[in-house]
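Each chain, written out:
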Amino acid sequence: MIPIQADLLHDESLDSWIELLADLNGCRPRHITGRNDTINKDKALPLTRSVDDPSLLYISECTGVDPDRLAEATLRRYKPVGLANVTRDSSTGSWSQVRGTGYCPTCLIDDDLRWKLPWHLRWINICEEHHTVLRDNCPACGSRARDTRTHHPRTTGSRISAWRLRRCIHGCATEILAQNTAHTIEIHSAAYDAHSSLTRILHTNGASCAYTDGEFLSAESILTDASLLTRHALNAMTYVDGVGTIPDSPDPGAWTQQLSQSDFVSTPMGRSGVSEVTTPQFLIAQTAAIGILTTASSGRDLVDTWLSPSRITHIIDHLRRTNHATCTVHLERLLSWRRPPQTGTVLSDRLGRRRPQHSAKALTNATTRAIDAMNLPSCIWRQVRDNAPELPDRVTRLFPLTAPIALASMGRKPDYKRLAQEFGLDYNADEIRYALNHLISNEHGNEIFNYLQNLHAHLLSCPPPIDYRRRRHLFPAPSDIGRNHTRLLARAANTYLTTAFTWKIQRYIWQLLTGSDPLVTYGAALLHGPAAYSYRKFVLTMPVDLQDKSGEVAQRLLLKHRIGEPTSYTPQFSMNTGAWAPFGREERYLPDIGRTDLRRTSLSLTLAASTAGDPEELVHLALAGEKIAALRLCRFADSAHCKLDGDAAAMFGVRPTQIHREYTYLAKALGTDVFTRDTSHGPRQLTPTGTSLYHLARANIDRLRQIASCEPPRPT
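Fair warning: this is a prediction, and the values are worked out from it, not measured in the lab.

Student: Break down the confidence of the model for the chain for me, citing the residues and quoting the values.
Tutor: Should pLDDT be low for a region, the predicted coordinates there are not to be read in detail. Per-residue pLDDT for the chain averages 82, and the proportion of residues at 70 or more is 86%. Taken together, the stretch residues 86-92 has pLDDT below 50 and engages in 20 contacts with residues farther than four places along the chain or on a different chain. For the stretch residues 521-526, pLDDT sits under 50, and the model shows 10 contacts to residues farther than four places along the chain or on other chains.

Structure representation (structure tokens):
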């Protein structure tokens, strides 16, 4: 243990503290760290960013400071906000400083030449105490500060490595750096406001921004979106006499008038280019990016901003090409909203001819929060049909079937064929898309789109207390409800127990349970044939006693599967207010079920998640409330880039066999592997399906984590 000790300040970085101890004890930093700085001195990162556990233990033995306290002096402190791993480039995850570290010269003088930990973050570019922009270079040689593992000498009289002396005559000593001059920034400038917003996000580990539509996002998700926009803001920067500005962006402040050509570098789109940017340059781009996230709530708010249509197209092309998760679904909605007009589709061309072929895209871009198909019947409720705007006859005939699919498609990019099968319809994706296109855009306009959007918002805030998907899995066809109590029902109808009566009553109970219309769901021949006429007459002339007895049978069928839900549900529309009532009409035919151990979950919903078939459906099922599926997707998203199952297991503190079982579950749910390996226990790589699943999970990671941990929603 070294003889002379010094306290480790709360906000001091590990490198700064080691340099102080080395200066006090008259030794070199490697005697305290146990690491030779001459190895990869021009490539390795400072200890504050890249220290490993053995090094922390060695330093702890030399100094007597607990390893956990030492880890708090590194960027591991910012692991909850996704800033612990700084080796990533700006196109992946939340961006950290890749090369060099900023510093405040005045703070170095006031704090006895000790460096603060937040200066190592790329998102911290302003000193709040002295209202100055951080410097990042040596005033003597112009090189970046702390861009290697080689420690900085505190003073010119300290021991200086030969490598640093060859680089700078003063060895880039902290004493020389403290003599640098920083640019003063006004506290009411746009750049300072953006810095304050980022500081608040890091402190609270999240926020509710304008582009999230009121939803609370974690700091990691917000910084991931800000990273993408900042990278493209740097690319949008133009230079006049070497001084960069971003056209059509908010004025960062009068402090930019102090900048000169030496404060900027060329910024190509490659990794090496964006990692070389200076602190003032990055602050200007950061201000433009944060301004978009905090003020724009839809694509219409991007008009007359630096995010021009061509630049948005460039960003979208980048998102399509990248192999990494680079933004959330909220930023995807914000960027893609500009392509369609207000109703989400181009209604006609220059000659007035209708162009509905892309109208279904409006459903995907309508919102960022989707409702689950389990809350929707296969045949839309009668109240919805009665209050719908006027539609053409060809659209009206299919509206009971297309409306549930349209509601389930809002905020999603579903496989239409698979979604139609969820509602019991056997049509291909092109047929479903064609029907949705004509539902949204037709000769009567686009009022139906706004109508369905309002209904979607109502069902999102007041979901029906019925799990239609589970019932459709339990009773896939009318005959699957069985022949129980049919004699009692025949007696209530005052008729004989014939095959025709059994056929009709089974379809009525099945329609009551699953919200499906047997005349349009199974076989188009029933639409206008004698069987359809007979069934409709049977329902319209049904005695009240038979209706009640049928409801009791349906209720007992639900109780058999431990489902304590209403037998049927209908939303109510208020003509006075022109809006949907908060609560619909629920029908329960048994006044007292006498059961207290009923549950809302069942194996059928788990079965639906385990046979999702494609990544989008699996993620959507997890977002619907499947806690186990959400937990597995969260672990998959966090450990997808681990080379071995053992590394992923160590990340979560579980056994490798458990991680392997979870990956096997995902593979069975998707019908294909998510990882590929050369050997059974060798390094793994994501398959195309696994990559798609990773992108979707990362884009919805905040909601998945909330469902997996069953935490209440954050206050907005």
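Structure's up, so let's keep going.
Student: An account of the packing of helix α28 (residues 615-623) against helix α32 (residues 688-699) is requested, with residue identities and associated values reported.
Tutor: Running from amino to carboxyl end, α28 crosses α32 at an angle of 35 degrees, the nearest separation of the two axes being 9 Å. Pair α28 / α32 crosses with right-handed handedness. Taking contact as the criterion, the partners of P615, E616, L618 and V619 in α28 are, on α32, T689, S692, L693, L696 and A697. Per-class residue counts for the contact of α28 with α32 are six nonpolar, two polar and one charged.

Student: Please provide a residue-by-residue account of the nonpolar core, values included.
Tutor: Of all hydrophobic cores here, the largest spans 56 residues; its most connected members are I246, L307 and L331. Those elements that provide at least two residues to this core are α9 (190-204), α10 (219-236), α12 (279-295), α13 (309-321) and α14 (329-336). Setting aside its immediate chain neighbours within four residues, L331 contacts Y211, D225, L228, L229 and L293. Core analysis: the next-biggest nonpolar cluster, separate from the first, contains 41 residues, A360, L425, L459 and I466 among them.

Student: Explain the packing of aromatic side chains residue by residue, including any values.
Tutor: Tallying each qualifying case throughout the model produces 13 aromatic pairs. Ring centres of Y239 and F264 lie 6.3 Å apart, and the angle between their planes is 80 degrees; on these two criteria the pair is classed as edge-to-face. With Y239 in strand β5 (residues 238-240) and F264 in the loop between β6 (243-245) and α11 (271-274), this pair connects stretches of sequence that are 25 residues apart. Its relative accessible area of 34% is what places Y239 among the partly exposed residues. Where Y451 meets W580, the ring centres are 6.4 Å apart and the plane angle is 50 degrees; that geometry is what we call tilted. One end of the pair, Y451, is in helix α20 (residues 447-461); the other, W580, is in strand β9 (residues 579-580), with 129 residues separating them in the sequence. The same class applies to Y451 as to W580, namely buried. Of the aromatic side chains, those joined through ring pairs into one cluster are Y103, W115 and W119. Looking at R122, its charged tip hangs above the ring of F282, at a distance of 4.2 Å from the centre.

The rules behind each value
- Note that residues are indexed from 1 along each chain, following the sequence as it is written.
- In keeping with the model being predicted, local features are shown solely for residues with a pLDDT of at least 70 and side-chain atom pairs are shown and tallied solely at 80 or more, while totals for entire chains, interfaces and linings include all residues.
- Hydrogens and waters are ignored; side-chain quantities use all the structure's heavy atoms.
- Per residue, pLDDT measures the predictor's confidence, with a range of 0 to 100.
- Should any heavy atoms of two residues lie within 4.5 Å, those residues are counted as being in contact.
- Only the contacting stretch of a helix is used when fitting its axis, a line to C-alpha atoms as for every element, and angles between N-to-C directions run 0 to 180 degrees.
- Elements are defined by DSSP. Helices are runs of H or I of four residues or more, strands are runs of E of two residues or more, and each kind is numbered from the N terminus.
- The sense of a crossing depends on the near helix, which, turned anticlockwise from the far helix by less than a right angle, makes the crossing left-handed and, turned clockwise, makes it right-handed.
- Think of it as three bins: nonpolar holds Ala, Val, Leu, Ile, Met, Phe, Trp, Tyr, Cys and Pro, charged holds Asp, Glu, Lys and Arg, and polar takes everything else, Gly as well.
- Residues enter a nonpolar core if they are buried and are Ala, Val, Leu, Ile, Met, Phe, Trp, Tyr or Cys, with the set joined through side-chain atoms within 4.5 Å.
- Per-residue accessibility, obtained with a 1.4 Å probe over protein chains only, is compared with the maximum for each type, and a residue is labelled buried under 20%, exposed over 50%, and partly exposed between these values.
- In summary, the pairing rule links any two rings of Phe, Tyr or Trp, Trp by its six-membered ring, whose centres are within 6.5 Å, and it sorts them by plane angle into stacked for under 30 degrees, edge-to-face for over 60 and tilted for everything else.
- Two conditions define a charge located above a ring, namely a distance within 6 Å from the ring centre to NZ of Lys or CZ of Arg, and an angle within 35 degrees of the ring normal.

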